Amino acid sequence: MEKEIKRVLFVYTRDSTFIRGDIDILSRHYEVKRLVTDNRNQAIQLFALFRQLFYLIFNIRNFDIVYIWFADYHSWLPSLFAKITGKRCYLVIGGYDICRVKKYKYGSFVNPIRGWMARNSMRSSTANLCVSNHIRRVVRSLAPDTPALLVYNGMSFPDTSKTKLPPEGSRGGVLCVAISQTRQSFFIKGIDRFLELARAMPAQKFTLIGTDPERAGIKPADIPKNLTIIPVIEHSRLTEYYHKSKVYCQLSRRESFSLSLAEAMFHGCMPLTTKAGGMPEVSGGLGEIIYASDSDIFRREEKESSVHEAINAIARLAAESEDYAPAMRERVMALFTIEKRERELISIISRG
């Protein structure tokens, strides 16, 4: 008879919406102990890893399951200890942990040691939980002998009976929500592309939320007059901007999933994305996809045609008279809710 699951060791590096969501899910079913491995800088991370080692030596026997967010330095010891002691280990793969973008020094696999630890964490786990099919395909190649299971990210959406969409024809403008506090994320999130597009369409209104211009290295002179940048905003206020916008634009070079895209679609924004990562899975054929390379959508030799392609896509979406909002909301509510993620996670853990 299989042992009843009671205690879960939850390992992560820093707080986020994803982390809080899974802690809440697991805490409704099991006793959860958090083990934070701080990775703010190398010195702090080294100390945290030694602390993690001693904690595992003396406490791993007290847990039934190890649950880890991201494959990285912090996942190697917990996954190894779980394997040695016969505990089940579930490793959530979020995207950064399978990437290697040398140009922007982005991804665990840019560093060979970090990549080795990430790969071996995946191989030591009972199962790797992937937030998109795109991630799942990569994980299967990195750890072919470990099950790679698709469990989409999820979020809590407002009650649809109380969240009325604005009437068709009342929207205008192009919106992007991208958290960017570094020059690296400026390029990974494709914010340079968004700025280029705004310059090319001076008659169209563009809004960028979540990016700090100074930290992202955006000079005031580089900001087009038709672009409004809002660095910080309460999440509850995003609905106001979704409802004002006709098009939601995400031109990322790397994007494992994009909850902002799902949220924008829930609120009726037509999506314009690149084919990067899991975004086509989120949009599901609704809206437009620009088939940009992973490097630069507006490469020098292709700049004119790429900008023209993006302009045409926005023009088509802005002129769209058919109301796709109900279909977009239906898709998001069917696939990307926190309730669905909870059902799938608990099912996986319960069946072993």
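Residues numbered from 1 in each chain as written. Predicted model: local features only at pLDDT ≥ 70, side-chain atom pairs only at ≥ 80, totals over all residues. Heavy atoms only, no water.

As annotated in an unreviewed UniProt entry, the protein carries the name Glycosyl transferase family 1 domain-containing protein and comes from bioreactor metagenome.

Peer 1: Sorry, what's going on with the nonpolar core here?
Peer 2: Nonpolar side chains tend toward joint burial in soluble globular proteins. Counting 101 residues, the largest nonpolar core has Tyr-67, Met-122, Phe-206 and Leu-208 as its most contacted members. Among the elements that make up this core, the one with the highest residue count is helix H10 (residues 259–266) (6 residues). Residues within four places of Phe-206 in sequence aside, it is in contact with Val-174, Phe-194, Leu-197, Ala-198, Met-201, Asn-226, Leu-227, Thr-228 and Ile-314. Counting 5 residues, the second-largest nonpolar core is a separate cluster that includes Cys-99, Val-101, Tyr-106 and Ile-188. (Core = buried A, V, L, I, M, F, W, Y, C linked by side-chain atoms within 4.5 Å. Buried < 20%, exposed > 50% of the residue type's maximum accessible area, 1.4 Å probe, protein only. Helix = DSSP H or I, 4+ residues; strand = E, 2+ residues; numbered from the N terminus. Contact = heavy atoms within 4.5 Å.)

Peer 1: What is the right way to look at the pattern of salt bridges in this model?
Peer 2: Once the charged atoms of two side chains with opposite charge are near each other, the side chains can pair. Considering all chains together, one arrives at 13 salt bridges under this definition. A salt bridge links Asp-15 to Arg-20; the shortest N-O distance between them is 2.6 Å. Given the relative accessible area of 41%, Arg-20 is considered partly exposed. Several salt bridges converge on common partners, so that one network encompasses Arg-237, Glu-240 and Lys-244. (Salt bridge = Lys/Arg side-chain N within 4 Å of Asp/Glu carboxyl O.)

Peer 1: Would you mind going over a nonpolar patch on the surface with me for this structure?
Peer 2: A grouping of Leu-46, Phe-50, Phe-54, Ile-57 and Phe-58 is seen on the molecular surface, where their side chains present a nonpolar patch of about 530 Å² in accessible area. Looking at where Phe-50 falls in the secondary structure, it is placed in helix H2 (residues 42–59). (Patch = residues over 30% accessible without salt bridge, like charges linked within 9 Å, V, L, I, M, F, W, Y side chains within 5 Å. Areas by Shrake-Rupley, 256 points an atom, 1.4 Å probe, with all protein chains shown as cover.)

Peer 1: Just to check I follow, could you spell out the state of the cysteines for this structure?
Peer 2: Within this structure, the stated rule accounts for 0 disulfides. Cys-249 supplies the cysteine sulfur nearest to Cys-269, a cysteine that is in no disulfide, at a spacing of 11 Å. (Disulfide = S-S within 2.5 Å.)

Peer 1: Please explain the UniProt feature "domain: Glycosyl transferase family" (unreviewed entry) in the protein as it appears in this structure.
Peer 2: Cross-referencing UniProt, the feature "domain: Glycosyl transferase family" (unreviewed entry) maps to residues 189–282 in the present numbering. With 35% helix and 20% strand, the stretch residues 189–282 has end C-alpha atoms that lie 16 Å from each other. (UniProt positions renumbered as here; feature names shortened; annotations may be inferred.)

Peer 1: What's the story with helix H13 (residues 325–335) in this structure? I'm lost.
Peer 2: Taken together, the buried positions of H13 are Ala-325, Met-328, Arg-329 and Val-332. Taken down its axis, H13 places every buried residue within 95 degrees of arc, on the same side. Looking at the packing, one finds that the buried side of H13 touches H10 and strand E11 (270–274). (Arc of directions from axis to C-beta.)

Peer 1: I would appreciate a short explanation of the sheet that holds E11 in the present structure.
Peer 2: Within a sheet, each strand pairs with its neighbour through backbone hydrogen bonds, oriented either parallel or antiparallel. Taken together, the 6 strands give an open sheet; going across it, the order is E9-E8-E7-E10-E11-E12, and neighbouring strands pair in parallel fashion. Because the sheet does not close on itself, it has two edges, and the strands there are strand E9 (227–230) and strand E12 (288–290). Neighbour to neighbour, the strand axes of the sheet diverge by 20 degrees on average, direction disregarded. Both strand E7 (residues 174–180) and strand E10 (residues 247–250) contribute to a ladder of 2 bridges, which runs parallel. By the bridge assignment for E10, Leu-175 is matched with Tyr-248. The strands touched by H10 within the sheet are E7, E10 and E11, with E10 carrying the most contacts at an inclination of about 170 degrees. (Pairing = 2+ DSSP bridges. Axes fitted to C-alpha atoms, helices over the stretch in contact; angles between N-to-C directions.)

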